[in-house]
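Coordinate analysis (summary)
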Amino acid sequence: MTQHTDILIIGGGMVGMALACVLAKAGFDVHVVEEKLPTPFAPEQALDLRVSAVSLASENLLDAAGAWGQVLAMRATPFRRMRVWDAVGFGDTRFDSRDIGEPFLGYIVENRLLQLALWRAAESLVDVHLHCPAHLEALEISSAHVRARLSDGQTVQARLVVGADGARSRVRELANIGVTSWDYDVEALVATVKTHAPQQDITWQRFTPSGPQALLPLPGHHASLVWYQSPDEVARLLALDETDFLAELLRTFPRELGSIEALQGRGSFKLTRRHAQVYAKPRLVLAGDAAHTINPLAGQGVNLGFMDVAALAETLIDARTRNQDIGALHILQSYERKRRGENLLMQSGMDVLHHLFKPSRGALPMLRSAALALAQNLPPLKRMLTRRATGREGDLPRMAQIGRLK
Ligand SMILES: Cc1cc2nc3c(=O)[nH]c(=O)nc-3n(C[C@H](O)[C@H](O)[C@H](O)COP(=O)(O)OP(=O)(O)OC[C@H]3O[C@@H](n4cnc5c(N)ncnc54)[C@H](O)[C@@H]3O)c2cc1C
């Protein structure tokens, strides 16, 4: 049996579900296909390894999607301050939400809880239809519609299909959209630890000759530590037993970490930069990691995905208002024009940071310390960077139409 809908979203991760919620709230009929149901939340559950720094602009989008209240009701850690410094130079920049008149700079939230909150919001919307567990098997695109065959035996026919199915997007592959990509020479080792210090309101990142080290605060006496290292070094660290691993963290992380009482989880992530060669084809469009992945140095990956959601929803709502076909290539390309430059800029900015802070000799260490010192000592520059990182500049003003959906 074939089901008919306006928009079919493949991938019910953070980006796909946020898009489903805002589109359904705007009056579109939406079907979502997702392979795995997120595990339900229980307060006694250990903290997940995968967490994201959610910007103020993303918080606004999640609120418009009807999910932010659910996130706060589960677990989220606000942070007010951010510090970035160079272990071998004099550069040290400190950002504070009060500099831009905000109570917080953002929140650290477990990825699963973001996804779960969006699922709960979607379940309360009659115009969102969920297919889970199911995955996309085949896609047939004609001039008037797109037809998808799912693994649960169903067929869905839509005016538009959205690939929000992550970095290894099947939609992207079936549409023959290539990617420009390369692997970074470092991996991210992530550890959730129980700290002696109580809940912190700061995220920090220290650049060292062996790679950046970062702390993201988590609820209570917990923190997520990120350590960028060569794949060989990551493998060596992960092979250590818990006592030796903790000793290594205490030896190499800065004293700002304080003492660690226990290790609650550890793992590693390979880092790849990818950019789809196009985001749009007739009746098909990509969003989130399906369109781009980024070095997570500044924690911007899913924030870029949420801004794709805002731009795509705005484009589709606008097209409908003008009685235009939401699957028409020129409409979808106008979404791509809104996002490609922004995403590329952020990807390239992260690459500059990646290279700037690599172990180096000559003028480079001096240059990076000077850049950090400049940001610290020029208040207008610091305010601009803070507003940009939180999404107060650029992203939020663009979200006016989404804001009205609340
Ligand atoms: C080490 C590390 C740290 C990071 N830290 C941050 C951070 O602090 N802040 C930040 O903003 N970002 C961060 N990111 C990036 C962030 O995790 C991603 O950008 C984000 O997960 C992308 O969300 P998405 O919904 O686009 O894709 P995904 O999270 O990959 O979701 C895709 C969904 O599609 C489903 N799916 C896949 N294929 C199919 C199919 N064929 N049919 C049906 N369903 C399918 C999957 O099950 C999944 O649920 C980090 C990434 C890494 C590696």
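To keep things clear, this report deals only with the structure shown in the data block. These numbers come from a predicted model, not from an experiment.

**Quick word on the site of the ligand**
Not every one of the 32 residues close to the ligand is listed here, only the nearest: Glu-34, Arg-50, Asp-289, Gly-299 and Val-302. At a separation of 3.5 Å, a nitrogen atom of the ligand approaches a polar backbone atom of Glu-35. A distance of 3.3 Å separates an oxygen atom of the ligand from a polar backbone atom of Asn-303. In terms of residue class, the shell around the ligand is made up of 13 nonpolar, 12 polar and seven charged.

**Thoughts on helix α9 (residues 329-356)**
Over its 28 residues, α9 extends 39 Å from the first C-alpha to the last, a length consistent with the 40 Å expected when each residue adds 1.5 Å. Buried within α9 we find Ile-331, Leu-332, Tyr-335, Glu-336, Arg-339, Asn-343, Gln-347, Met-350, Asp-351, His-354 and Leu-356.

**Quick word on unusual backbone geometry**
In most cases, non-glycine residues show a negative phi, while peptide bonds are predominantly trans. Following Cys-132, the chain continues to Pro-133 via a peptide bond in cis, the omega torsion being 0 degrees. In this fold, Pro-133 is placed in the loop between β8 (128-131) and β9 (136-141). Even without being a glycine, Asn-323 presents a positive backbone phi close to 60 degrees. On the secondary structure map, Asn-323 appears in the loop between α8 (301-321) and α9. Asn-323 sits in the exposed class, given a relative accessible area of 73%.

**Considerations on the packing of aromatic side chains**
The tally for this structure, following the rule as stated, stands at six aromatic pairs. Here the aromatic rings of Trp-204 and Phe-253 are separated by 6.3 Å at their centres, their planes lie at 50 degrees, and the arrangement is tilted. Linking Trp-204 in strand β13 (residues 202-208) with Phe-253 in the loop between α7 (242-252) and β16 (260-276), this pair joins segments that are 49 residues apart in sequence. On the accessibility criterion, Trp-204 (4% relative accessible area) is buried. For Phe-253, a relative accessible area of 5% translates into the label buried. Both rings, one in Trp-227 and one in Phe-253, keep their centres 5.5 Å apart while their planes meet at 85 degrees; by these two values the pair is edge-to-face. Note that Trp-227 is positioned in strand β15 (residues 222-229) and Phe-253 in the loop between α7 and β16, a separation of 26 residues in sequence.

**Topic: the pattern of salt bridges**
Pairing between side chains of opposite charge can happen when their charged atoms approach one another. Evaluation of the coordinates by the stated rule reveals 23 salt bridges. A salt bridge links Arg-98 to Asp-96; the shortest N-O distance between them is 3.0 Å. Look at Arg-98 and you get exposed, because its relative accessible area is 58%. In this structure, Arg-236 engages Glu-248 in a salt bridge whose closest nitrogen and oxygen atoms are separated by 3.4 Å. Note that Arg-236 is positioned in helix α6 (residues 231-239) and Glu-248 in helix α7, a separation of 12 residues in sequence. By sharing partners, the salt bridges in this structure join Arg-80, Arg-81, Asp-96, Arg-98 and Asp-201 into a single network.

**Thoughts on the environment of Gly-391**
Structurally, Gly-391 can be placed in the loop between α11 (379-390) and α12 (400-403). On the basis of relative accessible area, Gly-391 is assigned to the buried category, the value being 1%. Residues Gly-391 and Ser-143, spaced 248 residues apart in sequence, show a C-alpha to C-alpha distance of 37 Å.

Criteria and thresholds
- Residues numbered from 1 in each chain as written.
- Predicted model: local features only at pLDDT ≥ 70, side-chain atom pairs only at ≥ 80, totals over all residues.
- Heavy atoms only, no water.
- Near = heavy atom within 4 Å.
- Polar contact = N/O pair within 3.5 Å; in protein donor to acceptor, adjacent residues only side chain to side chain.
- Nonpolar A, V, L, I, M, F, W, Y, C, P; charged D, E, K, R; others polar.
- Helix = DSSP H or I, 4+ residues; strand = E, 2+ residues; numbered from the N terminus.
- Expected span 1.5 Å × (residues − 1).
- Buried < 20%, exposed > 50% of the residue type's maximum accessible area, 1.4 Å probe, protein only.
- Phe/Tyr/Trp six-rings, centres within 6.5 Å; stacked < 30°, edge-to-face > 60°.
- Salt bridge = Lys/Arg side-chain N within 4 Å of Asp/Glu carboxyl O.

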